[in-house]
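Examination of the molecular architecture
The lines below spell out each chain.
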Amino acid sequence: MSPRRVSLAELTERHRGELVGYLARMLGDHQEAEDACQEAFVRAHRAFDRLGPDANSRAWLYRIATNTGLNAARRRSHRAARAADVDPDALPATAGPSLERREELRTVRRAVEALPPRQRAALMLRQFQDLGYAEIAAALGGNEDAARANVYQALKKLRAALGGVRP
Amino acid sequence: MTRHDDELIALLLGDRRRSRALGRWLGTLEGRRELAAYRRTLEVLEALYGDAGAAPRRTIYYCPLPTPIGRVFVAAGEAGLVRLSFRQSEASFVAELRRRLGADVVRSPARTADIVHQLRAYFAGERRSFDVRLDLRHTTPFQRRVLLAAARVPDGQVVSYGEIARRIGQPHGSRAVGQALKHNPVPIVIPCHRVIAAGGRIGGYGGGLGIKRKLLRLEGALAAAG
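Keep in mind it's a predicted model, so treat the numbers as computed, not measured.

Digging into the overall build of chain B
In terms of helices and strands, chain B carries 10 helices and six strands. Relative to its 226 residues, chain B shows a buried fraction of 31%.

Shown next as structure tokens:
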């Protein structure tokens, strides 16, 4: 007996939370992330028949979500100024109240917003979605070295934005 | 930027182990400074985009209640009532909330007591309108305008789709108004059943026309609805 193929409904149910989280990190807006996730699931629905039985379905969903997110970011870059990403003033108390700390949050946030969308996607996939470089490469297209380079480039830019830090 | 950046990042991300050369450099002032700066970068990133920064997962509480129109489910979160549904199984109601809101869904009569109490009073004919906070974040701006206009139709009265379209400044949008009302996430509380077709015909209803008639009869508006 062959193992039952998991249905798309089960897949989306299982991964919806992490995908919305990923898209929110990529787009900086929860509502946009919800919309993009919805759009990604529609695309997944269309492509589901072509997903092989042994394929890594999570990586496959991340690839679709990444393409949808990159499109959304591109569409947005054509639009006028928009509301800011994460509001550092609305962060929980663990973020620390000091002025210096707030300034750091603001600086890094701005630097994240200025990243090319592919670098931002790679960074979020590596740091928050627990994807390895092979999976990041599958999601973004390109090879593992390029995936790693995207993550490292992003971190170098954020570190540079932070400026001098006392050891 | 230094020539050790890549190696330092690899070390901090756990991609590679520390080489001797890097170990020596980390003993210098420059090395210590860069290590501190990259550590801080990752900390700030975590504060901004970790669980705290990215889309906090919400909890939605729900409860069933028996009514003259059958079993009704209500669901509310911190920000207010998100959903009222009838003619739906508990499993499908919960699955729909999880899917559409990406929330943790918990059955809790205690957290939904207020709206349940008001609905009981409504079906007993003791109450005509509701005093609850609504969370309509998951509707489109157009749908919100339609829903808020429908919410202002007092009990015992009906208005036409065209009239709602006019009230929101889109006089030719009566078809779109019908669509927006069809997907009303909180029927009864936002009384989309009080919106009917032109010429006094009863129009459509997401929950079925039988329920629309029952609600209008309960409110004493059925004569007007034809």
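Observations concerning the overall build of chain A
Assigned secondary structure in chain A consists of seven helices and zero strands. Starting at the N terminus and walking to the C terminus, you meet the elements of chain A as α-α-α-α-α-α-α. A fraction of 64% describes how many contacts in chain A between residues 6 or more apart in sequence connect residues 24 or more apart.

Concerning the nonpolar core
Counting residues in each nonpolar core, the largest one holds 49 residues, and the members touching the most others are L23(A), C37(A), A65(A), A122(A) and I136(A). I60(B), V158(B), V195(B) and I196(B) belong to the second largest nonpolar core, which has 40 residues in total.

Considerations on the pairing of strand 1 (residues 59–67) of chain B
Residues and elements named next belong to chain B. In the sheet, strand 1 pairs with strand 4 (residues 104–107) via four bridges, with the strands oriented parallel. The residue of strand 4 that forms the bridge with Y61 is V106. Relative to strand 2 (residues 70–77), strand 1 runs antiparallel, the two being bridged by seven bridges. Each bridged residue has a counterpart across the sheet, and for L65 the counterpart in strand 2 is V72. Taken together, strand 1 and the strand that follows it, strand 2, pair antiparallel across an intervening segment of two residues.

Description of unusual backbone geometry
Positive phi outside glycine occurs at D130(A), with the angle close to 60°. Mapped onto the secondary structure, D130(A) falls in the loop between helix 5 (117–127) and helix 6 (133–140). Residue classification places D130(A) among the exposed positions, given that 10 C-beta atoms sit within 10 Å. Residues other than glycine seldom take positive phi values, yet R87(B) does so here, at roughly 55°. With respect to the element layout, R87(B) can be found in the loop between strand 3 (80–86) and helix 4 (90–101).

Topic: the confidence of the model for chain B
Segments scoring low in pLDDT should not have their predicted coordinates read at a detailed level. In the predicted model, chain B carries a mean pLDDT of 88, and the fraction of residues at 70 or more is 95%. For this predicted complex, the interface confidence comes out at an ipTM of 0.85, alongside a pTM of 0.56.

What about the packing of helix 4 (residues 99–114) of chain A against helix 3 (residues 29–49) of chain B?
Taken N-terminus to C-terminus, the directions of helix 4 of chain A and helix 3 of chain B make an angle of 85°; their axes are 10 Å apart at the nearest point. Between helix 4 of chain A and helix 3 of chain B, the angle is such that the two are roughly perpendicular. The segment helix 4 of chain A lies against helix 3 of chain B, with E104(A), L105(A), V108(A) and R109(A) engaging T41(B), V44(B), L45(B), A47(B) and L48(B). Across the contact of helix 4 of chain A with helix 3 of chain B, the residue classes break down as six nonpolar, one polar and two charged.

Focus on the confidence of the model for chain A
Averaged over all residues, the pLDDT of chain A is 83; the fraction at 70 or higher stands at 84%. Here residues 80–97 of chain A is a poorly scored stretch, pLDDT under 50, and it has 22 contacts once near neighbours within four places are set aside; other chains count.

Things to note about the environment of L13(B)
By the element assignment, L13(B) lies in helix 1 (residues 5–13). A tally of 16 C-beta atoms within 10 Å means that L13(B) is categorised as partly exposed.

Brief notes about helix 1 (residues 8–27) of chain A
Residue and element names in this part refer to chain A. Compared with an ideal rise of 1.5 Å per residue, which puts 20 residues at 28 Å, helix 1 spans 25 Å between its outermost C-alpha atoms and falls more than 12% short. Along helix 1, the largest kink reaches about 55° and is centred on R16. Residues of helix 1 that are buried include every one of R16, L19, V20, G21, Y22, L23, A24, R25, M26 and L27, and no others. Positive backbone phi, approximately 70°, marks G28, located one or two places after helix 1.

A look at the sheet that holds strand 4 of chain B
Residues and elements named next belong to chain B. Pairing is mixed across the open sheet formed by four strands, whose spatial order is 3-2-1-4. A single partner strand is all that each edge strand has here, and the edge strands are strand 3 and strand 4. Averaged over all pairs of adjacent strands, the angle between their axes in this sheet comes to 25°, without regard to strand direction. In the packing of helix 4 onto the sheet, contacts are made with strand 1, strand 2, strand 3 and strand 4, and the angle to strand 1 comes to roughly 150°. Running at roughly 25° to strand 1, helix 5 (residues 113–123) makes contact with strand 1, strand 2 and strand 3 of the sheet.

What about the environment of G206(B)?
All names here are of chain B. Within the secondary structure, G206 sits in the loop between strand 6 (195–196) and helix 9 (209–218). Classification of G206 as partly exposed rests on a count of 16 C-beta atoms within 10 Å. Sequence spacing of G206 and N184 is 22 residues, and the spatial spacing of their C-alpha atoms is 8.2 Å. Residues in contact with G206, not counting those within four places in the same chain, are K182, N184 and P187.

A short note on the packing of helix 1 of chain A against helix 5 of chain A
Residue and element names in this part refer to chain A. Following both chains from N to C, one finds helix 1 and helix 5 inclined at 140°, their axes separated by 9 Å at the closest point. Considered as vectors, helix 1 and helix 5 are oriented oblique to each other. As helix 1 runs across helix 5, the sense of the crossing is right-handed. Taking contact as the criterion, the partners of Y22, R25 and M26 in helix 1 are, on helix 5, R120, A121 and M124.

Regarding the environment of I188(B)
All names here are of chain B. One can find I188 in the loop between helix 8 (174–182) and strand 6. Residue I188 is classed as buried on the basis of its 21 C-beta neighbours within 10 Å. A sequence separation of 66 residues divides I188 from Y122, and the C-alpha atoms of the two residues are 9.4 Å apart. In contact with I188, other than residues within four places in its own chain, are L84 and L215.

Procedures and definitions
Within each chain, residue numbers correspond to sequence positions counted from 1 in written order. Lettering for chains starts from A, numbering for ligands starts from 1, and both go in the order in which the items are written. Local features in a predicted model are, by the rule used here, given only for residues with pLDDT of at least 70; side-chain atom pairs are given and counted only at 80 or more, and totals for whole chains, interfaces and linings are based on all residues. Working definition: helices are DSSP H or I runs of at least four residues, strands are E runs of at least two. Numbering for both runs from the N terminus. Once C-beta atoms are placed from the backbone, each residue is buried if 20 or more other C-beta atoms lie within 10 Å of its own, exposed if 12 or fewer, and partly exposed for counts between those two. In this description, a residue-residue contact is defined by the distance between C-beta atoms placed from the backbone, which must lie within 7 Å. To define a nonpolar core, we join buried Ala, Val, Leu, Ile, Met, Phe, Trp, Tyr and Cys residues through C-beta atoms within 7 Å and take the resulting set. Being paired, for any two strands, means DSSP has found at least two bridges between them. Values of pLDDT, the confidence the predictor places in each residue, fall between 0 and 100. For every element, the axis is a line fit to its C-alpha atoms; helices are fit only across the contacting stretch, and the angle between N-to-C directions ranges from 0 to 180 degrees. Any angle that falls under 35 degrees is termed roughly parallel, while one over 145 is termed roughly antiparallel, one within 65 to 115 roughly perpendicular, and all others oblique. Residues were grouped as follows: Ala, Val, Leu, Ile, Met, Phe, Trp, Tyr, Cys and Pro as nonpolar; Asp, Glu, Lys and Arg as charged; and all remaining residues, including Gly, as polar. Each helix should span, by expectation, one fewer than its residue count multiplied by 1.5 Å. Fitting one axis to the seven residues ending at a residue and another to the seven starting there, the bend at that residue is the angle between the two axes. Crossing chirality is assigned from the near helix's rotation relative to the far helix, an anticlockwise turn below a right angle marking it left-handed and a clockwise turn marking it right-handed.

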